[in-house]
Amino acid sequence: MLRRRQLLNGAGGWLGAMGALFALNKSAAQTPPQKPATAAGDVPAPSRARGKSPYRPVRVPGAKTLPYTLKNGVKEFHLIAETVKREFAPGMVVNCWGYNGSTPGPTIEAVEGDRIRILVSNQLPEKTSIHWHGLFLPNGMDGVAGLTQPHIPVGETFAYEFTLTQHGTFMYHSHSDEMLQMALGMMGFFIVHPRDPEFRPVDRDYAFMLMSWDINPGTYTPNPATMTDFNTWSMNSLVFPAIPAMVARTGERVRIRVANLSMTNHPMHLHGHRFFVTGTDGGWIADSAQWPAVTTDVPVGAIRVIEFDAALPGDWAFHCHKSHHTMGPMNHAAANMLGVRQNDVMPKVQKLLPDYMVMPMGSDGMGDMTDMAGMGMALPENTLPMMAGDGPFGSIEMGGMFTMVKIRDDQRPDDETDPGWYRHPRGSVAHPVRG
Amino acid sequence: MLRRRQLLNGAGGWLGAMGALFALNKSAAQTPPQKPATAAGDVPAPSRARGKSPYRPVRVPGAKTLPYTLKNGVKEFHLIAETVKREFAPGMVVNCWGYNGSTPGPTIEAVEGDRIRILVSNQLPEKTSIHWHGLFLPNGMDGVAGLTQPHIPVGETFAYEFTLTQHGTFMYHSHSDEMLQMALGMMGFFIVHPRDPEFRPVDRDYAFMLMSWDINPGTYTPNPATMTDFNTWSMNSLVFPAIPAMVARTGERVRIRVANLSMTNHPMHLHGHRFFVTGTDGGWIADSAQWPAVTTDVPVGAIRVIEFDAALPGDWAFHCHKSHHTMGPMNHAAANMLGVRQNDVMPKVQKLLPDYMVMPMGSDGMGDMTDMAGMGMALPENTLPMMAGDGPFGSIEMGGMFTMVKIRDDQRPDDETDPGWYRHPRGSVAHPVRG
Amino acid sequence: MLRRRQLLNGAGGWLGAMGALFALNKSAAQTPPQKPATAAGDVPAPSRARGKSPYRPVRVPGAKTLPYTLKNGVKEFHLIAETVKREFAPGMVVNCWGYNGSTPGPTIEAVEGDRIRILVSNQLPEKTSIHWHGLFLPNGMDGVAGLTQPHIPVGETFAYEFTLTQHGTFMYHSHSDEMLQMALGMMGFFIVHPRDPEFRPVDRDYAFMLMSWDINPGTYTPNPATMTDFNTWSMNSLVFPAIPAMVARTGERVRIRVANLSMTNHPMHLHGHRFFVTGTDGGWIADSAQWPAVTTDVPVGAIRVIEFDAALPGDWAFHCHKSHHTMGPMNHAAANMLGVRQNDVMPKVQKLLPDYMVMPMGSDGMGDMTDMAGMGMALPENTLPMMAGDGPFGSIEMGGMFTMVKIRDDQRPDDETDPGWYRHPRGSVAHPVRG
């Protein structure tokens, strides 16, 4: 890595106000992908502990924060575009493309006014580029391959460099063979904190990247050609019940930043609390213009920032309100068995086909299917059940884009750990009293 | 029913500030579903007449208002979850699930500050629960089966109880086997009127619940597994031309509250009038933040409240602007006959297949298909035509999510009846003058 | 044409405040469609030159402005509904329906307070009507065939007449056999300029109409029955790279008005600049209510007006952010070859099928497909490549709803011409330096 640093340091004086970019030679880039080391003298990424950082880091459940090194006043980051195996939930590993071993890629965090440099090494099987969605930058840094820069060839490194003149919630994603590369997960958050730490402060700050995938049951690789008929819906490339819950103490102010790079709107719904939509990927919405909501429809290629006061303790669902998006993989063209008395049909069928086993399922709804899955009903390889989640009162019967905000009176300020299920104050209050 | 009341009264003293819930025994719940009787001493639901109610009731065309009884200061409602046969329009009856014999279920109306109890009896073939979408309530009342309460077993009753600390437009819907139960119609409005009767008063207050269904032509039961390829689009589980028109007098202020629990956005368009979006399921939008519009895109799992002044007399269309959503059932994958001169082809086909009858349809558009339907062209059993509606000037060629606001100079304040087609002031003004 | 004018003039005295309409006789309408002549004494449409018009005309790339003649103080326009052959891009001609030889039809521009008359001659193979989307007008002028007027028969002319009492961005489109006629392109812009020329002035004012089409590769006629599985995505019925770029000088204020009459939302994203959403088809949004954004989700049947200051020179992409909508025609249900080593499979397949040629494509992504197309890979007749666009740094790999705003320091005020690719100030700045 020394060699790269020397090169960059040596080039430092040459860097103009407009930014500069580099491609390292192929042999250097072909060394195994490494996280940029935090050597002595480099400035480490801020710790998450309050008071040790000029800003409160954003928590992106399931993704890491990208470290940087400070080089002559420039914060230098390194993204490695590469194939990634991502465990969406225990029992399902997906062949994705991403950055630094992850999809979404690691979160870039910086501060308004920073000058930053991002080295992008291409370890993919094809060329790539990165667009910095929402950021003001020189045209040559915009990352639209073919239009504002050449595609980054396989095995080479490209350097983006610009000064952050704004603050807010942004994204980075591929802009080369864009449909395929985004469909496989090449995306991440780019958070620019305000220089003024008193600007709209919050106690908890979360971010989720929404994505849809078409992964045939029994297989491992998403089909990037699918436009509407997806079967897997993720938040930070995780699906319920593997999406970590958010936590907050009663009375705290919570911010959630939700980005969407799938192919359809996702109306994100919060239970028990009203929020205000306070920002987009275009910046912060003035107080006078904010809408109250319990569901915010996050458009494709856009971000919605919501804020609310954690008023009531409990386990409050936060999920996409399109009901198929809170399900595991299913066949949306399945035959409709509702109301069909299959038990009556079975003997007749078996008279013709002695070995035939009709699954008497769906006649009375699908609520019992989770029980069947629990009873060991075989699922295809690498395939999650349609409905899952063992809650304190039975199956939650969800999947996909579903998680929770766990609000507690005694939640510690820095606790990120799931504090377990909510114990209702009166114990039995959530249990029906049998007559 | 006495037994249930006694039980509830007896339990009244035990009820804490947090609310309480009950399940009545199975034998009681298995008696045929009944509307809660309005016995002597109970407070009847407010009449719709102006001045007799502390609030102006909302009109939900095609659905009833749920009555309540007052028990020690608690307004007690009773919802019975059950299978429902719903006539979407004359000629089409659908096997749905709903509440109290209807989908959408009856509208719950209450006032900010009320303490309410809602008994939910499960007469479905599978377990259920109800989520009170948008309402602030104790976590144990939130209705997410498995997470905040056990599923309500078949034949049992669950009691939700909480105090209304807000006002606005909300929903209730199933949160157990949620995808299937919502796809079959388990939803309703929950209107909380402000304590202050002068808060944003309007003269007419309507509400519509949008839903999509996949009902194969010739069948009666929606397919709950369908995600995108629906063929029936309803407002309050009715389709044009069976959706009652709204009415208003010229100069009156009209509010329409539109909720969406389907699987895609519905952009609702009003003709001839600009409205403002004044509220969501998260509450009322401040004057400073309201957008003018003639189309409001209602996201899934969300509500948009719009308000406008009925400025001009006439029959003004109000409909979803996705053109397939204002059509009756059709085959979206139909072969494209546009511009194909089928009459020329027919003799050649008949030479090969003497009995073959080519329907020379669609060569020049579909506008004549309504006439064909009118001419007695056979439709499959229980299936509506693709385009319908006999207007004053011919076929309106619509279906699905299409209705009207009928504005008249002489509309009576309490009239809910369709006042007939609009007579243009000059009689012939809407008729072309042949040259 | 004299005869029509005489008729109109003769009828002038009869015209009431409410407006009037006419159908000219069939023989007159059957004369070949003509643009209304600008005879001596008529007032020509304003030239585009600054200072010669009471308003700055809107530029609708790919569509013309509809001229008018002034008749006794009434601006008279003439739309001819007819079949249209539209070249979406070189190599693809589509059988559409539209107005005056074009889809979108010519832009109607008028000024608040104007009294206007629009003659609509029906040269289509079936009946039609026009709805004036967003405009306040007498109910008989609203254009809903069957409801507010009779369908306009083939070969006849209908006269719409009303006074413009508002200003803003509106549309006109068919409201007869609406789904089919809109699916084929029967739509156009209707811009009403404010009487006050100082109302929110801008330096550049563009408008785009978004549409989706399902045109089978190798064919020419869109399938109007398609609801979700489209394959062609257009702006003003043009697709990238044939959509003219917008131009602006650094520091100018730019307005873009985007209307959507397709079947799904289109989130329009602008690179490098934040904009504000300043208006809808319902009028102008108050300053206090405007949201900052870099992506605005344009709902179906709605308009979003955005405004921004052209801050930075360069070629800034402006496109729908649904990645399939910036692609040429493709098979969304294609088999997934990603990661499949087809070269290994080919010999085995050829042993069984000696003539079989496996196309080793998609194993490593799709980025090389544009090169293949460039290498002369055969496309079906009348079919565009999936990815196209030769930029200054290679293939832009886009299609469909993709264009640019070209911002230059020296852009001339009235220049509409594509000023070529942006030359980065430092020449090599967008080129990687090989290590």
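Residues take numbers from 1 onward in each chain, read along the sequence in its written order. Written order determines the labels here, with chains lettered from A and ligands numbered from 1. Local features in this predicted model are restricted to residues whose pLDDT is 70 or higher, and side-chain atom pairs enter the listing and the counts only when it is 80 or higher, whereas totals over whole chains, interfaces and linings include all residues.

*Asks:* Any chance you could break down the overall build of chain A for me, citing the residues and the numbers?
*Replies:* What chain A contains, in helices and strands, is five helices and 23 strands. Three exposure classes are used, based on other C-beta atoms lying within 10 Å of a residue's own C-beta, which is placed from the backbone: buried for 20 or more, exposed for 12 or fewer, and partly exposed in between. The 435 residues of chain A split such that 57% are buried. Note on contacts: each residue gets a C-beta atom placed from the backbone, and two residues are in contact if those atoms are within 7 Å. Here the contacts in chain A between residues at least 6 apart in sequence split such that 75% fall between residues at least 24 apart. Numbering goes from the N terminus for both helices and strands, where a helix is a DSSP run of H or I of at least four residues and a strand is a run of E of at least two.

*Asks:* Can you explain the relation of the copies chain A and chain C? Please cite residues and give values.
*Replies:* Here the copies are superposed with least squares, the fitted atoms being C-alpha atoms of residues at a pLDDT of at least 70 in both. Aligned on chain C, chain A shows an RMSD of 0.0 Å; the corresponding rotation is 120 degrees and the shift along the axis is 0.0 Å. Expressed as an axis order, the relation between the two copies is that of a three-fold axis. Minimal C-alpha distance to the rotation axis in chain A is attained by A:Ala289, lying at 2.4 Å. When you check the interface residues of chain A against chain C, a mere 7% turn up at the interface there too, and the two sides of the contact use different surfaces.

*Asks:* Outline the interface of chain A and chain C, listing residues and values.
*Replies:* Facing the 58 residues of chain A at the interface are 59 residues of chain C. Looking at the side of chain A that touches chain C element by element, the count peaks at five residues for helix H3 (residues 178-183) of chain A.

*Asks:* Which residues make up the pairing of strand S20 (residues 314-320) of chain A, and what values go with them?
*Replies:* Residues and elements named next belong to chain A. By the criterion of burial, S20 is predominantly enclosed, with seven of the seven residues buried. A pair of strands is considered paired only if DSSP assigns at least 2 bridges between the two. Strand direction decides the pairing type here: strand S14 (residues 266-270) and S20, joined by three bridges, are antiparallel. What sits directly across from Leu270, in S20, is Phe318. Two elements, S20 and strand S23 (residues 402-408), share six bridges in a ladder whose sense is antiparallel. What sits directly across from Trp316, in S23, is Val405.

*Asks:* Give me the interface of chain C and chain B: which residues, what numbers.
*Replies:* The interface is formed by 58 residues belonging to chain C together with 59 residues belonging to chain B. At five residues, the largest contribution of residues to the side of chain C that touches chain B is made by helix H3 (residues 178-183) of chain C. Ten residue types, Ala, Val, Leu, Ile, Met, Phe, Trp, Tyr, Cys and Pro, are classed as nonpolar, four, Asp, Glu, Lys and Arg, as charged, and the remainder, Gly among them, as polar. Looking at the side of chain C that touches chain B residue by residue, the classes come out as 29 nonpolar, 22 polar and seven charged.

*Asks:* Requested: an account of the relation of the copies chain C and chain B, with residues and values cited.
*Replies:* Superposition record for chain C on chain B: RMSD 0.0 Å, screw rotation 120 degrees, translation along axis 0.0 Å. When the interface residues of chain C are mapped onto chain B, a mere 7% of them again lie at the interface, so each copy presents a different face.

*Asks:* Before we move on, could you go through the sheet that holds strand S9 (residues 187-193) of chain C and cite the residues and values that matter?
*Replies:* Residue and element names in this part refer to chain C. Pairing is mixed in the open sheet, where four strands are placed in the order S4-S9-S8-S6. Across the chains shown, the open sheet's two edge strands, defined by having one partner strand only, are strand S4 (108-111) and strand S6 (130-133). Between one strand axis and the next, the sheet turns through 20 degrees on average, direction left out of account. With four bridges connecting them, S6 and strand S8 (residues 168-174) associate as antiparallel partners. Counted as the bridge partner of Trp132 is Tyr172 from S8. Angles run from 0 to 180 degrees between N-to-C directions of axes, and those axes are lines fitted to C-alpha atoms, restricted for helices to the stretch in contact.

*Asks:* Describe in detail the pairing of strand S7 (residues 157-163) of chain C, supporting the description with residues and values.
*Replies:* Residue and element names in this part refer to chain C. In terms of burial, S7 is largely enclosed, as six of its seven residues are buried. Direction of pairing for strand S5 (residues 115-122) relative to S7: antiparallel, over a ladder of seven bridges. Residue Val120 lies in a different strand from S7, and its bridge partner there is Phe158.

*Asks:* Tell me about the nonpolar core, and name the residues and values.
*Replies:* In terms of nonpolar packing, the biggest core is built from 340 residues, with A:Phe190, B:Phe190 and C:Phe190 touching the most fellow members. Taken domain by domain, this core gets at least three of its residues from each of domain 1 (2-200) and domain 2 (208-327 + 401-428) of chain A. The residues contacting B:Phe190, other than those within four sequence positions of it, are B:Ile108, B:Trp132, B:Leu135, B:Phe170, B:Met171 and B:Tyr172. The nonpolar core is taken to be a set of buried Ala, Val, Leu, Ile, Met, Phe, Trp, Tyr and Cys residues joined by way of C-beta atoms within 7 Å. For each domain, the first and last residues come from an automatic or database assignment.

*Asks:* Give a description of the sheet that holds strand S14 (residues 266-270) of chain B that names residues and reports values.
*Replies:* All names here are of chain B. Strand order in the open sheet formed by five strands is S12-S23-S20-S14-S18, and the pairing between neighbours is mixed. Two strands lie at the open edges of the sheet, namely strand S12 (246-249) and strand S18 (295-298), each paired on one side alone. This sheet shows a mean twist of 20 degrees between the axes of neighbouring strands, independent of strand direction.

*Asks:* So what about the domain arrangement of chain A? Which residues, and what values?
*Replies:* Residues and elements named next belong to chain A. Under the domain assignment, chain A is made up of domain 1 (2-200), domain 2 (208-327 + 401-428) and domain 3 (342-382). With 36 residues of domain 1 in contact, the opposing surface of domain 2 contributes 31 residues. For the side of domain 1 that touches domain 2, a count of residues per class yields 21 nonpolar, 10 polar and five charged.

*Asks:* Outline the environment of B:Ala388, supporting the account with residue identities and numerical values.
*Replies:* Among the structural elements, B:Ala388 can be located in strand S21 (residues 388-391). For B:Ala388 and B:Asp142, which are 246 residues apart along the polypeptide, the C-alpha to C-alpha distance reads 42 Å.

*Asks:* Tell me what's going on with unusual backbone geometry, and back it up with residues and numbers.
*Replies:* Peptide bonds are trans in most cases, and residues, glycine excluded, mostly fall at negative phi. The peptide bond linking A:Thr103 to A:Pro104 adopts the cis configuration, its omega dihedral lying at -5 degrees. For A:Pro104, the location among the structural elements is in the loop between strand S3 (92-99) and strand S4 (108-111). The omega torsion across C:Phe240 and C:Pro241 is 5 degrees, close enough to zero to call that bond cis. Mapped onto the fold, C:Pro241 is located in the loop between strand S11 (232-235) and strand S12 (246-249).

*Asks:* Got a sec to walk through the environment of A:Val305? Specific residues and values, please.
*Replies:* All names here are of chain A. With respect to the helices, strands and loops of the structure, Val305 is situated in strand S19 (residues 302-309). Expressed as a C-alpha distance, the spacing of Val305 and Leu79, which sit 226 residues apart in the sequence, is 25 Å. Ignoring anything within four residues of it in the chain, the contact list for Val305 reads Thr169, Arg255, Arg257, Thr278 and Gly279.

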